[in-house]
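# Observations on the three-dimensional arrangement
What follows is each chain in one-letter form.
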Amino acid sequence: MKASLVPTLAAVLWMSAGLGAGAAEEPFPAHRVAGNTYYVGSKALATYLITTPEGHILINSGFEETVPLIRVGVESLGFKLRDVKIILASHAHSDHVAGHALLQELTGAKVYVMEGDDKVIANGGEGQYHYTSSRWKKCPVDRVLKDGEEVKLGGVTLVAKKTPGHTRGCTTWTWQEMDRGMAVNVVVIGSPNVNPGYRLVDNKDYPEIAADFAKTFETLKSLKCDVFLGAHGDYYGMLAKYETSQTNTARISNSFVDPEGYKAYVDLKEKAYRKTLADQSSK
Ligand SMILES: [Zn+2]
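The sections below set out a description of the structure shown in this document.

The rules behind these values
Residues numbered from 1 in each chain as written. Predicted model: local features only at pLDDT ≥ 70, side-chain atom pairs only at ≥ 80, totals over all residues. Heavy atoms only, no water. Helix = DSSP H or I, 4+ residues; strand = E, 2+ residues; numbered from the N terminus. Buried < 20%, exposed > 50% of the residue type's maximum accessible area, 1.4 Å probe, protein only. Areas by Shrake-Rupley, 256 points an atom, 1.4 Å probe, with all protein chains shown as cover. Core = buried A, V, L, I, M, F, W, Y, C linked by side-chain atoms within 4.5 Å. Contact = heavy atoms within 4.5 Å. 1 Å grid on protein atoms, 1.4 Å probe; cavity = no way out; pocket = protein on both sides within 12 Å on 5 of 7 lines; lining within 4 Å. Points joined across faces, edges and corners; volume = space filled by probe spheres on them. Nonpolar A, V, L, I, M, F, W, Y, C, P; charged D, E, K, R; others polar. Arc of directions from axis to C-beta. Pairing = 2+ DSSP bridges. Polar contact = N/O pair within 3.5 Å; in protein donor to acceptor, adjacent residues only side chain to side chain.

Secondary structure summary: the protein contains eight helices and twelve strands in total. For the protein, buried positions account for 54% of its 283 residues. Just so you have it, the protein exposes about 12,200 Å², and 55% of that area is on carbon and sulfur atoms.

Below you can see the structure in the form of structure tokens.
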């Protein structure tokens, strides 16, 4: 049966607020994005599988409820969850990392986290900005990453770009894939969103938040992006691009290659950030 492309209310809430554990997760067909990079997340919460001859990398676990869907997705592509060696994250909000502990238990994989988000994940949500009551199962962190550090496995090198603001250790992942004989740059945006309730001015809990967002937009604009991805599919229009990929049976072009869409999205989000900053500064 063809999956409905209308987002559920829960999905919309997660996408806008980045939170909301407890609601049922909606499955989505796992699919190849480019080369050895696959989407194995739920409809609302993006999880990426990067396969290599020496095991696999997963970016984002979603909620605990997402993990069984990730397993189904990985297996539907012919891979095994137990071959996952490294678990990464977009940022330490519950909808991307609450399933980390369960995923780690199931795979025995190592968990790598950007500095700034490492303690939040290790402490099960404690210490995060704004969502002070959000909690999940604590997950030991095996390696704390710094901006620009590389994560290598089986011939693939992922670069961790620190893009803070949304969280202190929000991470944008970038790497190269070979797709249809061409090298393409993949970018998974960590999150450029100033969420409802965030204070950019006079923020006692996160004083450097505005400067962090400003730095993040400079970083995002500096990245070379062919394949545009993000922590939620709605960042890059996943549903429509997936539909196109299914009808494009000749597979001559890759619907996930969208450098202009990437630029437009970053520009849109930077304008939204600047408007919120101006609005809050004038009050
Ligand atoms: Zn978030």
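On to the nonpolar core, then. Ranked by size, the top nonpolar core spans 52 residues in total, and within it Leu-88, Leu-158, Trp-173, Trp-175, Ile-189, Tyr-236 and Tyr-262 carry the most contacts. Setting aside anything within four residues of it in sequence, one finds Tyr-236 in contact with Tyr-39, Tyr-48, Phe-228, Leu-229, Gly-230, Lys-241 and Phe-256. Core analysis: the second largest hydrophobic core is formed by 28 residues, Leu-45, Leu-58, Phe-79 and Trp-136 among them.

Let us now look at empty space enclosed by the protein. Empty space left among the atoms is revealed by rolling a probe the size of a water molecule over them. Across all of its chains, the model carries four cavities of 30 Å³ or more by this definition. Here the largest cavity defines a volume of roughly 80 Å³. Forming the boundary of the largest cavity are 13 residues, of which Asp-117, Gln-128, Tyr-129, Thr-167 and Arg-168 lie nearest the centre. Split into classes, the residues belonging to the lining of the largest cavity amount to four nonpolar, seven polar and two charged.

Take unusual backbone geometry next. Of note, the phi angle at His-130 is positive, near 75°, even though the residue is not glycine. Counting through the fold element by element, His-130 comes out in the loop between helix 5 (118-122) and strand 7 (143-145). Among the residues examined, His-130 registers a relative accessible area of 32% and is labelled partly exposed. Positive phi outside glycine occurs at Asp-202, with the angle close to 50°. Secondary-structure assignment places Asp-202 in the loop between strand 11 (182-189) and helix 6 (209-222). Here Asp-202 falls in the exposed class, since its relative accessible area comes to 72%.

Moving on, we come to helix 4 (residues 100-107). Taken together, the buried positions of helix 4 are His-100, Ala-101, Leu-103 and Thr-107. Burial along helix 4 is one-sided: seen end-on, the buried residues are contained in an arc of 165°. Of the surrounding elements, those touching the buried residues of helix 4 are strand 4 (55-59), helix 2 (67-76), strand 5 (84-88), helix 3 (94-97), strand 6 (110-114) and helix 5. Note on helix 4: the residue one or two positions beyond its end, Gly-108, has a positive phi of about 70°.

Of all five residues in strand 3 (residues 48-52), five are buried; the element is thus mostly enclosed. Neither face of strand 3 is exposed, since Tyr-48, Ile-50 and Thr-52 on one face and Leu-49 and Thr-51 on the opposite face are all buried. Examined bridge by bridge, strand 2 (residues 37-39) and strand 3 share three bridges and lie antiparallel to one another. Within the sheet, the bridge partner assigned to Thr-37 lies in strand 3 and is Ile-50. Inspection of the sheet shows strand 3 paired to strand 4 by five bridges, in the antiparallel sense. Following the sheet pairing, Thr-52 is matched in strand 4 by Gly-55. Taken together, strand 3 and the strand that follows it, strand 4, pair antiparallel across an intervening segment of two residues.

Before going further, it helps to examine helix 7 (residues 238-247). All buried positions along helix 7 are accounted for by Met-238, Lys-241, Tyr-242 and Ser-245. Projected down its long axis, helix 7 carries its buried residues within an arc of 100°, all on one side. In this structure, the buried residues of helix 7 make contact with strand 1 (31-34), strand 2 and strand 12 (227-230).

In this structure, Gln-128 sits in the loop between helix 5 and strand 7. Among the polar contacts made by the side chain of Gln-128, one reaches the main-chain carbonyl oxygen of Gly-125 at a distance of 3.2 Å. At a separation of 3.4 Å, a polar atom in the side chain of Gln-128 contacts the main-chain carbonyl oxygen of Ser-134. The contacts of Gln-128, once residues within four sequence positions are left out, are Ala-92, His-93, Val-120, Ser-134 and Trp-136.

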